[in-house]
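Read off the chains here:
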Amino acid sequence: MSDETGSRFDPRRRELLKAGAGLGLLALGGGVSLAGAANASPRLPLPEYEQWDALEIARRIRVGDITASEALEASLARAEARRAINAFALTHHEMAREEAQRLSGLGQAERERLAEQAPLAGVPFALKDLGVALEGTRTTSGCAFFRDAEPAERDSTLVARYRAAGLNIFAKTTTPEFGQTATTESRLYGDTRNPWDLSLSSGGSSGGASAAVAAGILPVAHASDGGGSIRIPASACGLFGLKPSRGRVPMGPEHLEGWMGLASHHVISRTVRDSAWLLALTQGAEPGSRSVPPTDDPLAALEREPRRLRIAFLEQNPFGQPVHPDCQAAARRAAELCEALGHRVEPATLALPIERIFSGMGVATGTGLLYSVRQREKALGRQAREAEFEPINWRTLQHAGDFSAVQVFEARAAFDEAGRQVDLLLGEYDMILSPVTAAPAPPLGALSLDQPYDDYVAAAMQASAFTSIFNMSGHPAMSVPLYWRENGQPIGTQFVGRYAEEARLIGLAARLEEAAPWRQRWPELVENA
């Protein structure tokens, strides 16, 4: 792998691995017990597969309890059995099988040596079909205009780091067209369904990732977040989702920022520790990086008892609209749990120029979409056609061409002001707590890009009012699954940390996971359903 993509194993990450080993996460004698996470799947390979997170799968491969091929086939069998969820856009099964066979041929001593460099060797994994490149495969961004895009000539920096960590990539998960909505529905690949209720959205735009993890196909999956697209699907599917600080996880080498800094990449996972490990293994600068936050130690935070925190509780919808009672109840439940753990939670308000920042978000996402389309037009030697896009995105493209350079600069200035105001609040508090969304996961169709614009807007405002603020400000934020409705539908709660303080968020999440475990909560996983 080339240094140009930043894929060489960073010695600093090796130090993190040694620190983790000291915590027992990579101890040779065995791993942390993860029993009781789910019912077994007796008709599928490795019936206990759903009970294991990524670290446990890696441990079992390393000590020889299972092979990398067995782990991959267990994941593929579940993807097939639960295909009605429609979580995958593209598959790379043979590529993954070759890698699994190579790993399965290693002896015990070779596996132990490999674990020092690639602690997740053999763990099945999937990328989101947006914003990343896997050498020799195409990325379509959920759009018909990119259906036949040329295969990538090299891995993107983040993908190279995933592969250096040992993850075995076998697919790309579904996304709405260009990630432009908070559901995962597209003309190109169809609707991705929520495993908790197949009539509901799995969230977006990383809804393929959340559906795959919630259905037990994968323990963790790549995701990205430009307005809530990690946190919203995590909330909808009862999972843990952390959006890192702007610049912490690399996005190159083609583009070092997405949507003028709005977008961040990381994962959606079932356990907090998987998220912490993937952050430790992928964070840090790449060639060309100029603004990289300090990288604190997410692994140490897993075991360290956080000091007493002062937490600002934001309950009011930034748009002044009502918040669904169950979303309020979820946030209040999280506040009560934090207080029970010894933290102080206080009502607070956040002064923001709402009209300016959300107008700026439209400029950033619209011009980002237009840029991608024009690059594709150059490659094809023809213009895009309306029939190759969903109506709302086609409308966005027509308007984006009219934005001025001044409007682009105004947008970035508005984002900077949002960051300043959030910093001021976090000068008084350690964290912010709020709902993730203003309404529970909606029925499929409510947030589709394939509908009249006026019908779409009201639902869209309910989806990302709380989350997108922190894309504009650049702060780390997470959705933690602490509440289930009477009908069994999960609802997450958002926590926001100071810039570059992911470790503090992870530390709190680990304590919440202990106090109110969610791993035992699973949707009814019906084969072929």
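Anything mentioned here points back to the structure above.
Notes on the structure follow. The numbering scheme is per chain: residues are counted from 1 as the chain's sequence reads. Under the rules for a predicted model, residues below a pLDDT of 70 receive no local features and side-chain atom pairs below 80 are neither given nor counted, while totals for whole chains, interfaces and linings still include all residues. Think of the side-chain values as coming from all heavy atoms in the structure, minus any hydrogens and water.

What to know about the overall build of the chain
Short version of the rule: Strands are runs of DSSP state E lasting at least 2 residues, helices are runs of H or I lasting at least 4, and numbering of each runs from the N terminus. With the radius of gyration taken over C-alpha atoms, the globule rule is written as 2.2 Å times the number of residues to the power 0.38. Burial here depends on accessible area, computed with a 1.4 Å probe over protein chains only, as a share of the maximum for the residue type. Under 20% is buried, over 50% is exposed, and the range in between is partly exposed. Neither His nor the chain ends contribute to the count of charged residues, in which Lys and Arg are positive and Asp and Glu negative. By convention, charge coordinates are those of NZ in Lys, CZ in Arg, CG in Asp, or CD in Glu.
Of regular secondary structure, the chain possesses 17 helices and 15 strands. Expected size for 529 residues packed as a compact globule is a radius of gyration near 24 Å; at 21 Å, the chain falls within 12% of this value. Seen through its C-alpha atoms, the chain measures out along the principal axes to roughly 60 × 60 × 45 Å. The buried share of the chain, taken over its 529 residues, is 61%. Here the chain holds 54 positive side-chain charges and 64 negative ones, and the gap between their average locations is 3 Å.

Some thoughts on helix α15 (residues 453-464)
Where we set the bar: By this rule the span expected of a helix is its residue count minus one, scaled by 1.5 Å. Note on definitions: a residue-residue contact is assigned when non-hydrogen atoms from the two residues lie within 4.5 Å.
Between its terminal C-alpha atoms α15 stretches 16 Å, which fits the 16 Å expected from twelve residues at 1.5 Å a residue. Buried residues along α15 sit against α8 (231-237) and α13 (391-400).

Let's talk about the sheet that holds strand β8 (residues 220-225)
Stated precisely, the cut-off is as follows: What makes two strands pair is DSSP finding at least two bridges between them. To get an axis, a line is fitted to the C-alpha atoms, and for a helix only the part in contact is used. The angle between two axes follows their N-to-C directions and goes from 0 to 180 degrees.
Taken in spatial order, the eight strands of this open sheet run β8-β10-β9-β14-β15-β13-β11-β12, and their pairing is mixed. Every other strand in the sheet has two partners, leaving β8 and β12 (344-347) as the edge strands with one partner each. Strand-to-strand, the axes of this sheet are offset by a mean angle of 25°, without reference to chain direction. As judged from the five bridges shared by strand β13 (residues 431-435) and strand β15 (residues 490-497), these two strands associate in the antiparallel manner. Residue pairing across strands places I432 opposite V496, the latter belonging to β15. With respect to the sheet, helix α11 (residues 325-340) is in contact with β11 (310-313), β12, β13, β14 (477-484) and β15, its orientation differing from that of β15 by roughly 55°.

Here we look at the environment of G166
With respect to the helices and strands, the residue G166 is situated in the loop between α6 (157-164) and β3 (168-173). Residue classification places G166 among the buried residues on the basis of a relative accessible area of 8%. Sequence-wise, G166 and I354 are 188 residues apart; in three dimensions their C-alpha atoms are separated by 43 Å. Residues within four places of G166 in sequence aside, it is in contact with A118, L120, A121, G122 and V123.

Looking at the sheet that holds strand β2 (residues 124-128)
What the three strands build is an open sheet, ordered β1-β3-β2; its pairing is mixed. Looking at strand neighbours, the two that pair on one side only are β1 (88-91) and β2, the edges of this open sheet. Taking each pair of neighbouring strands and ignoring which way they run, the sheet shows an average axis angle of 40°. Where helix α4 (residues 93-104) meets the sheet, it contacts β1 and β3, and its direction lies at approximately 160° from that of β3.

Regarding the side chain of S205
Take S205: it is sitting in the loop between β7 (197-201) and α7 (207-214). Among residues more than four places away in sequence, those in contact with S205 are K128, T174, T175, P176, G179, T181, T183, T184, S229 and P233.

Brief notes about the state of the cysteines
Where two cysteines share a covalent bond between their sulfur atoms, that bond is called a disulfide. Formally: What counts as a disulfide here is a pair of cysteine sulfur atoms lying within 2.5 Å.
Per the counting criterion, the structure on display carries zero disulfides. Distance from the sulfur of C237, which forms no disulfide, to the nearest cysteine sulfur (C327) is 14 Å.

Re the packing of helix α3 (residues 68-81) against α4
Operational definition: For classification, angles of less than 35 degrees are called roughly parallel, those exceeding 145 degrees roughly antiparallel, those between 65 and 115 degrees roughly perpendicular, and all remaining angles oblique. Think of it as three bins: nonpolar holds Ala, Val, Leu, Ile, Met, Phe, Trp, Tyr, Cys and Pro, charged holds Asp, Glu, Lys and Arg, and polar takes everything else, Gly as well.
Interhelical geometry of α3 versus α4 gives an angle of 150° and a closest axis separation of 7 Å. Taken together, the axes of α3 and α4 are roughly antiparallel relative to one another. Residues A68, S69, L72, E73 and L76 of α3 pack against H93, A96, R97, A100, Q101, L103 and S104 of α4. Per-class residue counts for the contact of α3 with α4 are six nonpolar, four polar and two charged.

Brief notes about a negative patch on the surface
Note the following rule: The patch calculation keeps residues exceeding 30% relative accessible area without a salt bridge and links them within 9 Å when they carry like charges or within 5 Å when they are nonpolar (Val, Leu, Ile, Met, Phe, Trp, Tyr). Using the Shrake-Rupley algorithm and a 1.4 Å probe, accessible areas are obtained, with residue cover drawn only from the displayed protein chains. Each reported salt bridge corresponds to a side-chain nitrogen of Lys or Arg within 4 Å of a carboxyl oxygen of Asp or Glu.
Taken together, the side chains of E135, D148, E150 and E153 present a region of like negative charge at the surface. When you line up the elements, D148 lands in the loop between β2 and α6. On the basis of relative accessibility, which here comes to 53%, the residue D148 falls in the exposed class.

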